[in-house]
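Coordinate inspection notes
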Amino acid sequence: MDATTITVTGAGGQIGYALLFRIAAGDMLGADRPVRLRLLEIPQGLKAAEGAALELQDCAFPLLQSVEITDDAATAFDGANIAMLVGARPRTAGMERADLLAANAGIFGPQGAALNAHAADDIRVVVVGNPANTNALIAAAAAPDIPGDRFAALTRLDHDRAVGQLSAALGAASAGIQNVTIWGNHSATQFPDVSHATVDGRPVPDALAERFGGADAAASWLDDEFVPRVAKRGAEIIAVRGSSSAASAANAAIAHVRDSVLGTGAGWTSAAVLSHGEYGVAEGVYSSFPVTSDGGGYRIVDGLEIDARARARIDASVAELLAERDAVRELGVI
Ligand code: NAX
């Protein structure tokens, strides 16, 4: 099989460190597909990326054909089949949202342009760096020759966190839990929705009603415990671990690409993809949806019923996405 060229930005950071070895081991594209890694960093991150590359060499991974490290986006994306955009400008104390969006526009705009000019025709892009949905919008806007549906932002971590919480609450194996959905923005406004989910083939709402002693108690658990716990899990990890999610974020990024390229199998997953107006989500934003893939990229699952509770929460998260889009428009970057 031909080798796949994968570009990882922010490769010297903590998610990068958790990601590279698993890609090289074949966890992302399968044990039969050789990979070439391109690591893009800013100058001050190059040493950390070089250190990771030395360790990759020491693993002697049979599938790993080459590792190149650069601080030049054109070089990093040249011929790339898959781009995982992890490096971003974090929010620092006192930074306003507009400043954060502007700083990231300065990263994701040029990277989108470099993808447009240099990536392979079959390029697929996943944005991990925050604010991920709007960074995806910025990168896609700077890449007019790449179809917008080749870009996505990562909400698979939120999805997997939701599955993990249901698994713990119901005492059920995560493998038996299907069709959870994350809607909206990868932020505290996201809506983790279990209304269509099943556990071992049984509706999750029924299983929760049994577990908590009635439908009202189950609804309270969803509103008061489950939704906020999933939406704020990133902060919980920081509080307990002392630094932000890294291995779980890398695992989710790998699962996102793997399912996009190899297919989702039974049920659906979640990813923030370009809205064409599905489920009343404003056209043109990158919003999380229920998605499936047959290997050719993610497609939004259609025909699901949205109840009033879900409607209000989806609308609130999409309103935040639109506010981010407007702020970026005011900056003149899209
Ligand atoms: P780190 O600070 O450990 O690493 C980021 C790396 O990116 C650094 O090495 C830095 O030098 C590099 N970088 C910065 N600007 C760059 C540029 N213009 N080009 C290339 N590299 C650049 O952060 P880490 O913990 O790895 O997190 C990376 C990003 O993922 C952050 O924006 C974080 O908020 C985001 N996350 C997104 C998640 C998601 O589910 N979508 C979950 C995990 C994580 O919070």
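Residues numbered from 1 in each chain as written. Predicted model: local features only at pLDDT ≥ 70, side-chain atom pairs only at ≥ 80, totals over all residues.

Neighbouring the ligand are 29 residues, the closest being G10, G13, I15, G45 and G87. For the shell around the ligand, the element with the highest residue contribution is helix α1 (residues 14–25), accounting for 3 residues. Across the shell around the ligand, the residue classes break down as 14 nonpolar, 14 polar and 1 charged. (Near = placed C-beta within 6 Å. Helix = DSSP H or I, 4+ residues; strand = E, 2+ residues; numbered from the N terminus. Nonpolar A, V, L, I, M, F, W, Y, C, P; charged D, E, K, R; others polar.)

Residues apart from glycine generally show negative phi values, whereas peptide bonds are mostly found in trans. Cis geometry is adopted by the peptide bond preceding P131, which originates at N130 and carries an omega value of -5°. Positive phi is not limited to glycine here, since A60 has a value of about 45°. Within the secondary structure, A60 is located in the loop between α2 (46–59) and β3 (64–70). Classification of A60 by C-beta neighbours within 10 Å gives exposed; the count is 8. Despite not being glycine, N179 has its phi angle at roughly 65°, a positive value. Of note, N179 is situated in the loop between β7 (177–178) and β8 (181–183). (Buried ≥ 20, exposed ≤ 12 C-beta atoms within 10 Å, placed from the backbone.)

Before going further, it helps to examine the UniProt feature "active site" (unreviewed entry) in the protein. Per the UniProt annotation, the sites labelled "active site" (unreviewed entry) are H186. Mapping H186 onto the fold places it in the loop between β8 and β9 (191–193). The exposure class of H186 is buried, given the 31 C-beta atoms found within 10 Å. Ignoring any residue separated from it by four or fewer positions in sequence, one finds H186 in contact with A132, N133, A153, L154, T155, D158, A272 and S288. (UniProt positions renumbered as here; feature names shortened; annotations may be inferred. Contact = placed C-beta atoms within 7 Å.)

A separate point is the nonpolar core. Soluble globular proteins tend to bury their nonpolar side chains together. Counting residues in each nonpolar core, the largest one holds 98 residues, and the members touching the most others are V127, V128, A136, A139 and A253. Structurally, this core is a two-domain feature, drawing no fewer than three residues from each of domain 1 (4–153) and domain 2 (156–326). Setting aside its immediate chain neighbours within four residues, V128 contacts I15, M84, L85, V86, L154, A249 and A253. (Core = buried A, V, L, I, M, F, W, Y, C linked by C-beta atoms within 7 Å. Domains from an automatic or database assignment.)

Below, the discussion takes up the sheet that holds strand β11 (residues 202–203). Sheet architecture is open: 3 strands sit in the order β7-β10-β11, paired in antiparallel fashion. Taken across any chain shown, the strands that pair with only one partner, and hence form the sheet edges, are β7 and β11. Judged from the 2 bridges that link them, strand β10 (residues 198–199) and β11 form a sheet pairing that is antiparallel. Its bridge partner lying in β11, V199 is registered against R202. (Pairing = 2+ DSSP bridges.)

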